[in-house]
Amino acid sequence: IQVSAKKFGISKQSSSAKYKIPDLIKFKNNCIILGDPGAGKTTTLKKICNSTLFPGSNNIIRAFPIVIELRKLDTNESLNMRLQKELGLSIAAKKLLKKTEDSKIANDLILQMLAKYLDELDCIVIIDGLDELESNKLYFIQKEIQQLIFQTKNTKFYITCRSGAYEVEIEN
């Protein structure tokens with residue numbers, strides 16, 4: 001979805017398509033919200049959060065939003081680690097890492113646990129500022145987003161990025 005100061009629409013399919021916030025929430029696919037600086041990407045996310053928390057007559061079916069501001073990740077912190085921390089799953093993840101000798105298997109199990117938990121909560125995951133990551137961390141975070149999207153079935157993702165900085169397509 002392309003955001004501009006005046007309108008927002010789907011960039012590849014039809015640049016003239018306009019959506020209201022309830023339409024974006026009801027939209028079945030995950031969304032990457034693109035736009036220039038100041039176009040309203042973060043404001044759109046705030047409105048999505050507000051609509052899920054205070055639905056009014058919109059009949060929103062999601063439980064609640066989980067907001068991750070990528071610029072606030074610690075240097076060695078991954079997206080999955082932040083989600084685990086926000087959801088109170090860090091201790092369970094650490095115990096799983098200690099019990100499992102193969103770290104790859106442990107990380108796969110942690111990803112499955114995180115995905116299952118997100119699905120059970122029926123929440124939306126809002127990831128703000130993909131363009132604000134350093135290039136060495138960007139690839140890793142994009143990979144994590146892709147893995148989470150493929151592992152979850154009921155969780156919807158909204159991601160923001162500046163138009164000029166968005167170079168890699170995230171499937172699904």
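Data block above holds the structure.
Everything numeric here is computed off the predicted structure, so don't read it as measured data. (Residues numbered from 1 in each chain as written. Predicted model: local features only at pLDDT ≥ 70, side-chain atom pairs only at ≥ 80, totals over all residues. Heavy atoms only, no water.)

1. As for the side chain of Glu144
Selection criterion: What counts as a helix is a DSSP run of H or I of at least four residues, what counts as a strand is a run of E of at least two, and both are numbered from the N terminus. Burial classes follow relative accessibility: with a 1.4 Å probe on protein chains only, a residue under 20% of its type's maximum area counts as buried, one over 50% as exposed, and anything between as partly exposed. In this tally, Asp and Glu contribute negative charge and Lys and Arg positive charge; neither His nor the terminal groups of the chain are included. Think of a salt bridge as a Lys or Arg side-chain nitrogen and an Asp or Glu carboxyl oxygen that are within 4 Å of each other. Residues are treated as being in contact if the distance between any of their heavy atoms lies within 4.5 Å.
Secondary-structure assignment places Glu144 in helix 6 (residues 135-151). Of the side chains with opposite charge, Lys137 lies nearest to the buried Glu144, which makes no salt bridge, at 7.8 Å. Those residues in contact with Glu144, other than ones at most four positions away along the chain, are Ser78, Leu79 and Asn80.

2. Describing the pairing of strand 6 (residues 156-162)
Put simply, the test is: When DSSP finds two or more bridges between two strands, those strands count as paired. A crossover gets the label right-handed when its path from the first strand over the helix to the second runs clockwise, viewed with the strands pointing away from the viewer.
Counting buried positions over the seven residues of strand 6 gives six, a clear majority of the element. Sheet analysis places strand 5 (residues 124-128) next to strand 6, joined by four bridges and oriented parallel. Within the sheet, the bridge partner assigned to Val125 lies in strand 6 and is Phe157. Read as a crossover between parallel neighbours, the route from strand 5 over helix 6 to strand 6 is right-handed.

3. Here we look at the pattern of salt bridges
All told, the structure shown has seven salt bridges when counted by the stated rule. With its nearest N and O atoms 3.0 Å apart, the salt bridge here joins Lys72 to Glu69. Overall, Lys72 belongs to the partly exposed group, its relative accessible area being 49%. In this structure, the salt-bridge partner of Arg82 is Glu77, at a minimum N-O distance of 2.8 Å. Because the salt bridges share partners, they merge into one network encompassing Glu69, Arg71, Lys72 and Glu132.

4. Notes on helix 2 (residues 41-53)
Each α-helix winds once per 3.6 residues, and so residues spaced three or four apart point in a common direction. Definition in use: The span you would expect from a helix comes to 1.5 Å times its residue count less one. This arc describes the spread of directions from the helix axis toward the C-beta atoms.
Counted at 1.5 Å a residue, the expected span for helix 2 with its 13 residues is 18 Å, and the 19 Å between its end C-alpha atoms agrees. The complete set of buried residues in helix 2 reads Lys41, Thr44, Leu45, Ile48, Cys49, Ser51 and Thr52. Here the buried residues of helix 2 occupy an arc of 165 degrees about the axis, which is enough to place them on one side.

5. Points about helix 5 (residues 103-121)
Compared with the 27 Å implied by 1.5 Å per residue over 19 residues, the 27 Å span of helix 5 between its first and last C-alpha is a close match. Immediately beyond the C-terminal end of helix 5, within one or two residues, lies Asp122, with a positive phi of roughly 50 degrees.

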